[in-house]
Amino acid sequence: MNENNFYITTPIYYVNDIPHIGHAYTTILADVLAQYHRLLGEKTFFLTGTDEHGQKVQRAAQQAGCTPLEHCDKFVVRFQDLWKRLGITNDDFIRTTQERHKTIVQKILQDFYDRDLIYSSTYKGWYCVPDERYFTEKDLVDGCCPDCHRPVEQLEEKSYFFKMGQYQDWLIDYIEQHPNFIMPENRRQETLGFLRSEKLGDLCISRPKARLSWGIELPFDTDYVTYVWFDALVNYISAVGYLADDAKFETWWPASYHLIGKDILRTHSVFWPTMLHAMGLPMPKTIFAHGWWLVGNTKMSKSLHNVVNPMDMIDKYGVDPFRYFLMAAMTLGQDASFTEKLFVERYNAELANDLGNLSSRVISMIKRNADGKIPAYSEPGDDEKELVDSTMTAVKEMAAAVQNMQLDRGLAIINNAVREGNRYFDKMKPWALAKAGDTAALGKVLRHTAECLRIVSGLLYPVMPSKMAELRKTLGLKEEDIVPSIDKLSIWKGLEDGAAVLDFTPLFPRVEPIKEEGDAADKDVKKDAAKPVNVITIDEVGKVQLKTAVVVSAEKVKDADKLLLLKIQIGDEQRQIVSGIAEYYKPEDLVGKTIIVIANLKPAILRGIESNGMLLAAKKGKTLRLVTTDGEIASGASVG
Ligand code: MSP
């Protein structure tokens, strides 16, 4: 693949899921990254799609009295419609029921079989029917599926296995040698931790048709279909022409990014690389696992009735503010919180007050006081220095933020330029210049703030394409300049002298803030916080050694409802901590988190288990949240 080509993928979504904010997030993130890379002048391919085989689809179709394919055809539209609504610019949409995909899966299977990479054997163990996954006795949690916590069935049946286990050492070595292969770092450590501590088994890749017929038939045994994950992962190469269109495949493979959620890390960081290695293909450059959207502090789930439907938010506030919020409010790699209140607060502050206000001030003054035309250019002077600097910094930093997967940071720096625009406007008082009839000075202020808006609207275009296109048109940019490019954003003088400014409707009208129970209580806390008690000195603070640590594993402590046993990595050192957080966190939700621990606490024995350190958490009422870092940082870093 040409180094300048950019190929990005989302997971393919289970077709019978109702699209929620988690699906919308990954797809918007992929879209924003694809649009930034286009803006940076790279040739880009953006793939999304749906995962359409498996038990759940088969069962739903049976209940609906239709064929599984009819069911998929009906439900895939929900995703396709949502992507249209959200302005997603994917280059392809793959469905695993398409012939172009199925034939490639079968070719790979036949090739593996012919090369003795697949063998048949008797599988004995536990099976989770809804998840279509096999487990060993020790995987089970309280006798149930460790993922969905539903009962499992005992099975003994002939199955086919892919010889995945033989690649364990190779995979460890590959991950060690390629620090960007699995990102962020805590997910890389999580994968390495698992690979180093457990023996990697072979992967069962078949399901007997007697139990599940809705899948891709094994080419070498028609009594079986392919395990859904083996089928689904292949989408990333079947869509770009593997074994079908060599030129296309050469153009795009290896992928630049597979974006995934943290819950599907292992399938992507273990199954997929070993499959690719067996095919003799190069690895994707980066598998990037983002965190979860929580609703407030709670996991989103159907049973809690708190699932956020993106359509509701778009209907109420518009597509672009929704896209903006999702990109600005999540630090990539960490969990983030979604509530309508947080959404409205950010919307009013950053979109209505900052950007919306600057746009309407500049454009309405050009309309009223400059004949509706972009004033003639004059070189920036001392007064303009900060405005030019902060805007050009935003150009540089946004490009860096895209490369480093720190979109929230990039957006904060763009906002900084917008705020500088408002400060410059206030400082120069163009309304007073207009009143005094100083046309030259007035023209200068309006022209430079308009240039700031041109650049900022270009930088925000990948995040808010329709609102920013509107703003760019209003600024009198020509049709061919509406979609921005980095070369034009990197120069300060980009508008045309005398270009007509169009009529303007406010981009982001202010919305009514949302009040929630607890606001009053928060104020009381603030009042109390102003009067500290138990004052300590800086030396006393210095005695406590706080360090970042990554949770490598977590499990419940037997016969202790409140306790979890965590294995943590602090730099090169592994330790264990017993912590009373079992009521607030499920063990599997902790793995991979970067937490803060008191590293020099005297070890203690709790319920017969040594606890070496203490983790930090914030608690109020019935809510407890772990203290984590605001962005990625290696374990073992000092906190203070
Ligand atoms: N079909 C598989 C993926 C196969 S890829 C070869 C699948 N599908 S899914 O529809 O269940 O999930 C798709 C993605 O949505 C996952 O990356 C998952 O992490 C993400 N999300 C589900 N809930 C989420 C949040 N609450 N927040 C953010 N993303 C989450 O898994």
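Every value quoted in this text rests on a predicted model; they were computed, and no experiment measured them.

**Examining the overall build of the protein chain**
A tally of regular secondary structure across the protein chain gives 22 helices and 27 strands. Here the protein chain holds 640 residues, and the buried ones make up 53% of them. For the protein chain, contacts bridging at least 24 residues in sequence account for 74% of all contacts bridging at least 6. By element, 51% of the accessible surface of the protein chain is carried by carbon and sulfur atoms, the whole surface being about 29000 Å². If you average the places of the 78 positive and of the 88 negative side-chain charges in the protein chain, the two averages end up 4 Å apart.

**Side note on the packing of aromatic side chains**
All told, the structure shown has 35 aromatic pairs when counted by the stated rule. Pairing Tyr 113 with Phe 220 gives two aromatic rings, centres 3.9 Å apart and planes at 5°, and the pair type is stacked. Here Phe 220 lies in the loop between strand 11 (217-218) and strand 12 (221-226) and Tyr 113 lies in helix 4 (residues 99-114), a separation of 107 residues in the sequence. Taken together, a centroid distance of 6.3 Å and an interplanar angle of 75° make the contact between Phe 162 and Phe 230 edge-to-face. With Phe 162 in strand 7 (residues 153-162) and Phe 230 in helix 7 (residues 228-233), the pair connects residues that are 68 residues apart, well separated along the chain. Taken individually, Phe 162 and Phe 230 each receive the classification buried, so the pair is uniform in this respect.

**Considering the environment of Val 77**
Mapping Val 77 onto the fold places it in helix 3 (residues 68-85). Along the primary structure Val 77 and Ala 434 are separated by 357 residues, whereas in three dimensions their C-alpha atoms are 54 Å apart.

**Section: the side chain of Thr 474**
Looking at where Thr 474 falls in the secondary structure, it is placed in helix 18 (residues 465-474). Among all residues touching Thr 474, those that are not within four sequence positions of it are Ile 363, Ala 500, Val 501, Leu 502, Asp 503 and Phe 504.

**Thoughts on the sheet that holds strand 9 (residues 203-204)**
Judged by pairing direction, the sheet is antiparallel, and its four strands sit side by side in the order 6-5-7-9 without closing on themselves. Edge positions in the sheet fall to strand 6 (133-135) and strand 9, since each of these pairs with one other strand and no more. Sheet topology note: the strand 5 (residues 118-128)/strand 6 ladder contains three bridges and is antiparallel. Each residue of the ladder has a partner; that of Tyr 127, found in strand 6, is Tyr 134.

**A closer look at the packing of helix 13 (residues 340-369) against helix 15 (residues 407-428)**
With their axes 10 Å apart at the nearest point, helix 13 and helix 15 run at an angle of 45° to one another. When the axis of helix 13 is compared with that of helix 15, the two are oblique. For the pair helix 13 and helix 15, the crossing hand works out as left-handed. Here Glu 350, Asn 353, Asp 354, Leu 355, Asn 357, Leu 358, Arg 361, Val 362 and Met 365 of helix 13 lie close against helix 15, whose contacting residues are Asn 415, Val 418, Arg 419, Gly 421, Asn 422, Phe 425 and Asp 426. A class-by-class count of the residues in the contact of helix 13 with helix 15 yields six nonpolar, five polar and five charged.

**Considering the nonpolar core**
In this structure, Tyr 36, Leu 86, Phe 322, Leu 326, Met 327 and Phe 338 are the most contacted members of the largest nonpolar core, which totals 104 residues. For Leu 86, the contacting residues outside a window of four places in its chain are Ala 24, Ile 28, Ile 314, Val 319, Phe 322 and Arg 323. Ile 94, Ile 104, Ile 108 and Ile 260 belong to the second-largest nonpolar core, a separate cluster that totals 62 residues.

**Looking at the domain arrangement of the protein chain**
Entries for the protein chain in the domain assignment read domain 1 (339-489) and domain 2 (521-639). Measuring from the centre of the C-alpha atoms in domain 1 to the corresponding centre in domain 2 gives 43 Å.

**Observations concerning the site of the ligand**
Looking at the ligand, there are 24 residues lining it, with Ile 12, Asp 51, Gly 261, Asp 263 and Trp 293 nearest. Side-chain polar atom of Asp 51 to a nitrogen atom of the ligand: 2.7 Å apart, as the coordinates give it. Residue Asp 263 places a side-chain N or O atom 2.3 Å away from an oxygen atom belonging to the ligand. Expressed as a share of its isolated accessible area of 670 Å², the protein-covered part of the ligand is 95%. Contributions of two or more residues to the shell around the ligand are made by strand 2 (13-14), helix 1 (21-39), helix 7, helix 8 (235-238) and strand 13 (257-261). Element by element, the count of residues in the shell around the ligand is highest for helix 7, at three residues. Taken together, the residues of the shell around the ligand sort by class into 13 nonpolar, eight polar and three charged.

**Let's talk about the sheet that holds strand 11**
Taken in spatial order, the three strands make up an open sheet running 10-12-11, and their pairing is antiparallel. The open sheet is flanked by strand 10 (206-208) and strand 11, the only strands paired with a single partner. Looking at chain direction, strand 10 and strand 12 are connected through three bridges and run antiparallel. Following the sheet pairing, Pro 208 is matched in strand 12 by Tyr 224.

**Some points on the pairing of strand 19 (residues 564-570)**
Of all the seven residues making up strand 19, six are buried; the element is thus mostly covered by neighbouring parts of the structure. Pairing of strand 18 (residues 546-556) with strand 19, which is carried by six bridges, proceeds in the antiparallel orientation. When the bridges of strand 19 are listed, Val 550 appears paired with Gln 569. As consecutive antiparallel partners, strand 19 and strand 20 (residues 573-579) are separated by two residues, and within that stretch Gly 571 has a phi angle of approximately 60°, a positive value.

**Some thoughts on helix 15**
Here helix 15 is 22 residues long and its end C-alpha atoms lie 32 Å apart, about the 32 Å a rise of 1.5 Å per residue gives. At the C-terminal side of helix 15, Lys 429 shows a positive phi close to 45°.

**Notes on the pattern of salt bridges**
If you walk through the whole model with that rule in mind, you get 32 salt bridges. Between Asp 503 and Lys 367 there is a salt bridge, with its nearest N and O atoms 3.2 Å apart. Taken as a pair, Asp 503 in the loop between helix 19 (486-489) and helix 20 (519-529) and Lys 367 in helix 13 lie far apart in primary sequence, 136 residues in all. In this structure, the salt-bridge partner of Glu 451 is Arg 454, at a minimum N-O distance of 2.8 Å. Here Arg 454 and Glu 451 lie together in helix 17 (residues 439-460), a separation of three residues that amounts to about one turn. A residue is classified by how much of its surface remains accessible, and Glu 451, at 0% relative accessible area, is buried.

Parameters and conventions
Residues numbered from 1 in each chain as written. Predicted model: local features only at pLDDT ≥ 70, side-chain atom pairs only at ≥ 80, totals over all residues. Heavy atoms only, no water. Helix = DSSP H or I, 4+ residues; strand = E, 2+ residues; numbered from the N terminus. Buried < 20%, exposed > 50% of the residue type's maximum accessible area, 1.4 Å probe, protein only. Contact = heavy atoms within 4.5 Å. Areas by Shrake-Rupley, 256 points an atom, 1.4 Å probe, with all protein chains shown as cover. Lys, Arg positive; Asp, Glu negative; His and termini not counted. Charge placed at Lys NZ, Arg CZ, Asp CG, Glu CD. Phe/Tyr/Trp six-rings, centres within 6.5 Å; stacked < 30°, edge-to-face > 60°. Pairing = 2+ DSSP bridges. Axes fitted to C-alpha atoms, helices over the stretch in contact; angles between N-to-C directions. Parallel < 35°, antiparallel > 145°, perpendicular 65-115°, else oblique. Left-handed = near helix turned anticlockwise from the far one by under 90°. Nonpolar A, V, L, I, M, F, W, Y, C, P; charged D, E, K, R; others polar. Core = buried A, V, L, I, M, F, W, Y, C linked by side-chain atoms within 4.5 Å. Domains from an automatic or database assignment. Near = heavy atom within 4 Å. Polar contact = N/O pair within 3.5 Å; in protein donor to acceptor, adjacent residues only side chain to side chain. Expected span 1.5 Å × (residues − 1). Salt bridge = Lys/Arg side-chain N within 4 Å of Asp/Glu carboxyl O.

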